[in-house]
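Structure at a glance
Here's the letter readout for the chains.
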Amino acid sequence: MENTIKKIRQLGLNEDLLSDFVLRLEKAEYPKGHLLIKSEKIERSVYFIEKGIARAYCDQEDKEVTFWFGAESDILLSYNSFFLGKPGYETIELLEDSVLYKISNEVLQNLYNTNLDMANWGRKLVEAELIKTEERFISRQFKTAASRYEDFISSYPAILQRVQLGHIASYLGISQVTLSRIRADIR
């Protein structure tokens, strides 16, 4: 549970609340290839990655478009399900055998509603995720493919060695051939 606790502490949850929060987490283990969250379904839990890698993607015509990767200490959730109680647009696939800790949306919302410090921690969590989302959006809109790849390898060195290049190319919005050229140019 070390990576999960690290993430929770990183966002400033005090030790008393941390202990209470950890007691509410449920350990879950899934194999590589497991679809943890499925599009068009309402997901009723939030997950913390203790061990493993995941990707979020959307189906577009005849291909899957990857728009997010997560690794140890990252959080997995469907925004639409969590915030709006609606089916999500994304599918989240585990790319390795994974150990996760989960908490139900209902329990988490109850903690937010009954404890201001917990609600503030939740706000910080959402702020951190929003900033990452904005950074990805700006990168995709305004940077070259080579710059996006360089940002990716500096931000996610562990992921680079653990996922298929096709998923990385999709995430960067380029073909696998273009990614191979960029990688060759960098060497």
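Refer to the preceding data block for the structure.
Residues numbered from 1 in each chain as written. Predicted model: local features only at pLDDT ≥ 70, side-chain atom pairs only at ≥ 80, totals over all residues. Heavy atoms only, no water.

A look at the packing of helix α6 (residues 145-155) against helix α8 (residues 165-172)
- One way to put it is that α6 packs onto α8 with a least axis distance of 10 Å and a crossing angle of 120°. As the angle between them shows, α6 and α8 are arranged oblique. For the pair α6 and α8, the sense of crossing is right-handed. Within the contact between the two elements, α6 uses R148, Y149 and F152 and α8 uses I168, Y171 and L172.
- Residues of the contact of α6 with α8, tallied by class, amount to 5 nonpolar, no polar and 1 charged. (Axes fitted to C-alpha atoms, helices over the stretch in contact; angles between N-to-C directions. Helix = DSSP H or I, 4+ residues; strand = E, 2+ residues; numbered from the N terminus. Parallel < 35°, antiparallel > 145°, perpendicular 65-115°, else oblique. Left-handed = near helix turned anticlockwise from the far one by under 90°. Contact = heavy atoms within 4.5 Å. Nonpolar A, V, L, I, M, F, W, Y, C, P; charged D, E, K, R; others polar.)

Regarding a nonpolar patch on the surface
- Taken together, the side chains of F83, L84 and V126 make up a nonpolar region of the molecular surface, amounting to roughly 280 Å² of accessible area.
- Within the secondary structure layout, V126 lies in helix α5 (residues 116-142).
- The exposure class assigned to V126 is partly exposed, which follows from its relative accessible area of 36%. (Patch = residues over 30% accessible without salt bridge, like charges linked within 9 Å, V, L, I, M, F, W, Y side chains within 5 Å. Areas by Shrake-Rupley, 256 points an atom, 1.4 Å probe, with all protein chains shown as cover. Salt bridge = Lys/Arg side-chain N within 4 Å of Asp/Glu carboxyl O. Buried < 20%, exposed > 50% of the residue type's maximum accessible area, 1.4 Å probe, protein only.)

Some words on the nonpolar core
- With 20 residues, the main nonpolar core has F21, L108 and W121 as its most contacted residues.
- Those elements that provide at least two residues to this core are α2 (15-23), β3 (45-51), β8 (98-104), α4 (105-114) and α5.
- Filtering out sequence-adjacent residues up to four positions away, L108 remains in contact with F21, V46, F82, I103, M118 and W121.
- Core analysis: the next-biggest nonpolar cluster, separate from the first, contains 17 residues, I53, A71, I159 and L172 among them. (Core = buried A, V, L, I, M, F, W, Y, C linked by side-chain atoms within 4.5 Å.)

With respect to the packing of aromatic side chains
- Within the structure shown, the criterion is met by 9 aromatic pairs.
- Arranged with centres 5.3 Å apart and planes meeting at 55°, the rings of F21 and W121 form a pair that is tilted. Remark: W121 occurs in helix α5 and F21 occurs in helix α2; sequence separation between them is 100 residues. In terms of burial, F21 and W121 fall into one category: buried. (Phe/Tyr/Trp six-rings, centres within 6.5 Å; stacked < 30°, edge-to-face > 60°.)

Concerning the side chain of S81
- Assignment of secondary structure puts S81 in helix α3 (residues 79-84).
- Within the structure, S81 has its side chain in polar contact with the backbone nitrogen of E43 (distance 2.9 Å).
- Beyond its immediate sequence surroundings of up to four residues, S81 is in contact with K41, I42, E43, K86, P87, G88 and N105. (Polar contact = N/O pair within 3.5 Å; in protein donor to acceptor, adjacent residues only side chain to side chain.)

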